[in-house]
Amino acid sequence: GSRLVTNRYVDPLPFRRFVAYAERQPQANNNAPAVLAGLLESIINRIADVIERVGIDMDGASAEVFNRNNLRNSHRRSQRDFRKLLERIGQSGELIAKARESLASLARLLAFLQQSTFNMPQDVRTRLRTLSKDVVAMSDHASFLGTNLNFVLDATLGMINIDQNNILKIFSVVTVFLL
């Protein structure tokens, strides 16, 4: 009815942010459905922040892999730390996978809420429809970032392969010279 109960074992950042917001704007959160919509908005905003951070990190990783100055100067290229780059790509991959999983769960939850027969005010139903559209858009963007992440990973592995081939060429030349 007029109460919203959450069951959680940690105090996640979106909940803390929403509590701070609700304390500043008590009139906007005067019933359980409005509080639920506010919590969902906070969770979705947090996922959007994570996706944005992954996008920025992937742009940085892509620039590091495809930096033209590094491609011209093979000595500088060999100084790049591909291990750290692969770790960054792996961490970004984990984050984007978790974000996509969360978005899928949220999409199901929002669909259920929109089809429910709960006594929900029209403004809350409108907020939930908007959130559903946001979740779909963010899912598409997360899929794009996942594809981009795979491309950067393949490019990084290709650069590692090129560096290894260059090292083998040097050993081959030295071996022929010594023979």
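Preceding block: the structure.
Below is a short write-up of the structure. Keep in mind that what you see is a predicted model, and the values were worked out from it rather than measured.

## Describing the pattern of salt bridges
Stage number 1. Enumeration according to the criterion identifies five salt bridges in this entry.
Stage number 2. Measuring nitrogen to oxygen at the nearest pair gives 3.5 Å for the salt bridge that ties Arg17 to Asp49. Separated by 32 residues along the polypeptide, Arg17 in helix 1 (residues 13-24) and Asp49 in helix 2 (residues 32-65) bring together distant segments of the chain.
Stage number 3. Here Arg17 falls in the partly exposed class, since its relative accessible area comes to 43%.
Stage number 4. In this structure, Glu41 engages Arg127 in a salt bridge whose closest nitrogen and oxygen atoms are separated by 2.9 Å. Of this pair, Glu41 sits in helix 2 while Arg127 sits in helix 6 (residues 122-178), placing them 86 residues apart in sequence.
Stage number 5. Overall, Glu41 belongs to the partly exposed group, its relative accessible area being 25%.
Stage number 6. According to the relative accessible area criterion, Arg127 is partly exposed, its value standing at 21%.

## Things to note about the packing of aromatic side chains
Stage number 1. All chains considered together, the criterion is met by two aromatic pairs.
Stage number 2. Consider the rings of Phe18 and Tyr21, whose centres lie 6.4 Å apart with planes at 40°: the pair is tilted. One end of the pair is Phe18 and the other is Tyr21, both in helix 1 and three residues apart, which spans about a single turn.
Stage number 3. What makes Phe18 buried here is its relative accessible area of 8%.
Stage number 4. Under the relative-accessibility criterion, Tyr21 is labelled partly exposed at 35%.
Stage number 5. Measuring from centroid to centroid gives 5.7 Å for Phe66 and Phe151, while their planes differ by 20°, and the two rings are stacked. Taken together, the positions of Phe66 in the loop between helix 2 and helix 3 (68-72) and Phe151 in helix 6 put the pair 85 residues apart, joining distant regions of the chain.
Stage number 6. A relative accessible area of 32% places Phe66 in the partly exposed class.
Stage number 7. For Phe151, a relative accessible area of 47% translates into the label partly exposed.

Basis of the calculations
- Residues numbered from 1 in each chain as written.
- Predicted model: local features only at pLDDT ≥ 70, side-chain atom pairs only at ≥ 80, totals over all residues.
- Heavy atoms only, no water.
- Salt bridge = Lys/Arg side-chain N within 4 Å of Asp/Glu carboxyl O.
- Helix = DSSP H or I, 4+ residues; strand = E, 2+ residues; numbered from the N terminus.
- Buried < 20%, exposed > 50% of the residue type's maximum accessible area, 1.4 Å probe, protein only.
- Phe/Tyr/Trp six-rings, centres within 6.5 Å; stacked < 30°, edge-to-face > 60°.

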